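A structural walkthrough
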Amino acid sequence: MSFAALWEGLLPVGRDALTGGYRRFSWTPADVACRSWFTRTAAERGLRVDTDRNGNLWAWWDPPGLAPGPGSLPRGPGPGAVVVGSHLDSVPDGGPFDGPLGVVSAFAAIDLLRERGLAPVRPLGVAAFCEEEGARFGVACLGSRLLTGVIDPATARALTDAGGTTLAEAMAAAGQDPARIGPDEDLLGRIGTYVELHIEQGRALAGLGAAIGVGERIWPHGRWRLGFTGRPDHAGTATLGERRDPMLAFASVVLAARQAAADHHGLATVGKVVAEPGAVNGVCARVTAWLDARCPDEQTLWTLVDQILAASRDVAGQHGVALEVTPESVTPAVDFHPGLRARLTASLAARGIHAPVLATGAGHDAGVLAARVPAAMLFVRNPSGVSHSPAEHAEPADCEAGVLALAAVLEDLACR
Ligand code: GLV
Ligand code: MN
Ligand code: MN
């Protein structure tokens, strides 16, 4: 099936009619509908579908002649499986491409290999990882972190969404047993290579005149929750001098974050804030804000974050406000496997595809998996350069180029 036909099938799911943005938060009905789309799409292709203990989805194209592995693991001996994929969840009002482009392109690339009469000689899997954006439970790449054991299962089960629902409750409500979540060495041990195709979340490829890029590294990055607690009071009677207003401390921190990012040539963003109880005519009791910080190297990241947190403590003290800082997820720098990267570049070059090498400040499951298996990324040009927004865009011709590139890589890695 063509990329366009596959793409159209998923496009309406979880799109907000008013904003045009996607709200595919993990384990909500929109996410469950995306998961059903995955299962259906895999089944239509005769792929063997499995949900792992962490809720990540897998569709396996078993090579002919290999004996079934234990349970639903990829077939054949050893760590040979080649896996491609990405995620289906979104940020609030995200664009259509971040995540789904990688999953849809994976199925389209499989169709292309079949049209060419090719078949894998080692297991070929398509994966869709859960809660990559951390939009509902706060921890980015939660599904791949659980799989690789970099988050404790009990901690993960207790994560809550904005309404107080725990991950355990949300998974159980969607029919998934939360008691089983945790590292899966059997599955990981069978994976030889992970390749994630993703929309570029910047304009580098547009500037270079290239449709496809190869990932070089991911900047270290993280998110910190800042809770400011003051004293709720009446907006019309509390004098300025007696107020303990968490909003003022918060406002100073937003400016301090911007200054620290400029000072250290990094990025710092406060994209989410909740003021409680939220009376227009009241000094609020609490402000919770989320800081996202990213830098080219870890030392600079920690310098930048320390500067922002020190400023936060200072302003909290000045305003008589208590401050609680909670790191939600911190991801070290990732350098993608040089040998695999070179192999991707060579298989693309053999098909006449020039793919420049790019670093990115965006996080990906490929970055988490890279700690355990050789991992690589392909990027597809985004002419708007915008992402985490409905304005995110890729031209249909570039999406097709992405499928051709992924098929070239899969032919090399899985079919020879
Ligand atoms: C995911 O898109 C991230 O970079 O936060
Ligand atoms: Mn994203
Ligand atoms: Mn993504």
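Keep in mind the model is a prediction, meaning the values are calculated, not measured.

When its secondary structure is counted, the protein chain shows 13 helices and 15 strands. Taken over C-alpha atoms, the radius of gyration comes to 22 Å for the protein chain, in line with the 22 Å a tight globule of 416 residues would show. Here the C-alpha coordinates of the protein chain stretch approximately 80 × 45 × 40 Å along the principal axes. Here the protein chain holds 416 residues, and the buried ones make up 55% of them. Carbon together with sulfur atoms contributes 56% to the accessible area of the protein chain, which is approximately 16500 Å² in total. Of note, the protein chain has its 35 positive side-chain charges centred 3 Å away from the centre of its 45 negative side-chain charges.

Attention now moves to the site of ligand 1. All residues adjacent to ligand 1 are Glu 133, Arg 294, Ala 362, Gly 363 and His 388. Contact between ligand 1 and Glu 133: an oxygen atom at 3.1 Å from a side-chain N or O atom of the residue. A distance of 2.7 Å is found between an oxygen atom of ligand 1 and a backbone nitrogen or oxygen belonging to Gly 363. In the shell around ligand 1, the residues fall into one nonpolar, two polar and two charged.

Taken domain by domain, the protein chain comprises domain 1 (3-219 + 333-414) and domain 2 (221-331). Taking only C-alpha atoms into account, the centre of domain 1 sits 33 Å from that of domain 2. Listed by partner, the interface residues are 13 residues for domain 1 and eleven residues for domain 2. Note on domain 1 versus domain 2: buried area summed over both sides is about 1100 Å², and carbon and sulfur give 43% of it. Sorting the residues of domain 1 by area buried against domain 2 places Arg 145, Trp 219 and Ala 333 first, and these three jointly supply 49% of that buried surface. In this assembly, domain 1 and domain 2 are joined by zero salt bridges. Our count for the contact surface shared by domain 1 and domain 2 stands at nine residue pairs in polar contact (both at pLDDT 80 or more). Taken together, the residues that form the side of domain 1 that touches domain 2 break down as six nonpolar, four polar and three charged.

Interhelical geometry of helix H3 (residues 100-115) versus helix H13 (residues 396-414) gives an angle of 60° and a closest axis separation of 8 Å. Classed by the angle they form, the pair H3 and H13 counts as oblique. H13 is crossed by H3, and the crossing has right-handed handedness. Between H3, through Leu 101, Ser 105, Ala 106, Ala 108, Ala 109, Leu 112 and Leu 113, and H13, the contact on the second element is made entirely by Cys 399, Val 403, Leu 404, Leu 406, Ala 407, Leu 410 and Glu 411. Taken together, the residues of the contact of H3 with H13 break down into twelve nonpolar, one polar and one charged.

What follows concerns the coordination of the manganese ion (ligand 2). Those protein atoms acting as donors to the manganese ion (ligand 2) are Asp 98 (OD), Glu 133 (OE), Glu 133 (OE) and His 388 (NE2), and they sit at 2.0 to 2.7 Å. Along the chain, the residues donating to the manganese ion (ligand 2) are arranged with the sequence spacing D-x34-E-x254-H. Distance-wise, the manganese ion (ligand 3) is placed 3.6 Å from the manganese ion (ligand 2), both being coordinated by Asp 98. Placement of Asp 98 in the loop between strand S3 (81-87) and H3 and of Glu 133 in the loop between strand S4 (124-129) and helix H4 (142-148) is noted, with a sequence separation of 35 residues between them. Overall, the relative accessible area of 5% leaves Asp 98 in the buried class. The exposure class assigned to Glu 133 is buried, which follows from its relative accessible area of 7%.

Procedures and definitions
- Residues numbered from 1 in each chain as written.
- Chains lettered and ligands numbered in written order.
- Predicted model: local features only at pLDDT ≥ 70, side-chain atom pairs only at ≥ 80, totals over all residues.
- Heavy atoms only, no water.
- Helix = DSSP H or I, 4+ residues; strand = E, 2+ residues; numbered from the N terminus.
- Rg over C-alpha atoms; globule rule 2.2 N^0.38 Å.
- Buried < 20%, exposed > 50% of the residue type's maximum accessible area, 1.4 Å probe, protein only.
- Areas by Shrake-Rupley, 256 points an atom, 1.4 Å probe, with all protein chains shown as cover.
- Lys, Arg positive; Asp, Glu negative; His and termini not counted.
- Charge placed at Lys NZ, Arg CZ, Asp CG, Glu CD.
- Near = heavy atom within 4 Å.
- Polar contact = N/O pair within 3.5 Å; in protein donor to acceptor, adjacent residues only side chain to side chain.
- Nonpolar A, V, L, I, M, F, W, Y, C, P; charged D, E, K, R; others polar.
- Domains from an automatic or database assignment.
- Contact = heavy atoms within 4.5 Å.
- Buried area = accessible area lost by both parts, 1.4 Å probe.
- Salt bridge = Lys/Arg side-chain N within 4 Å of Asp/Glu carboxyl O.
- Axes fitted to C-alpha atoms, helices over the stretch in contact; angles between N-to-C directions.
- Parallel < 35°, antiparallel > 145°, perpendicular 65-115°, else oblique.
- Left-handed = near helix turned anticlockwise from the far one by under 90°.
- Donors = N, O, S within 2.8 Å, 3.2 Å for Na, K, Ca; no water.

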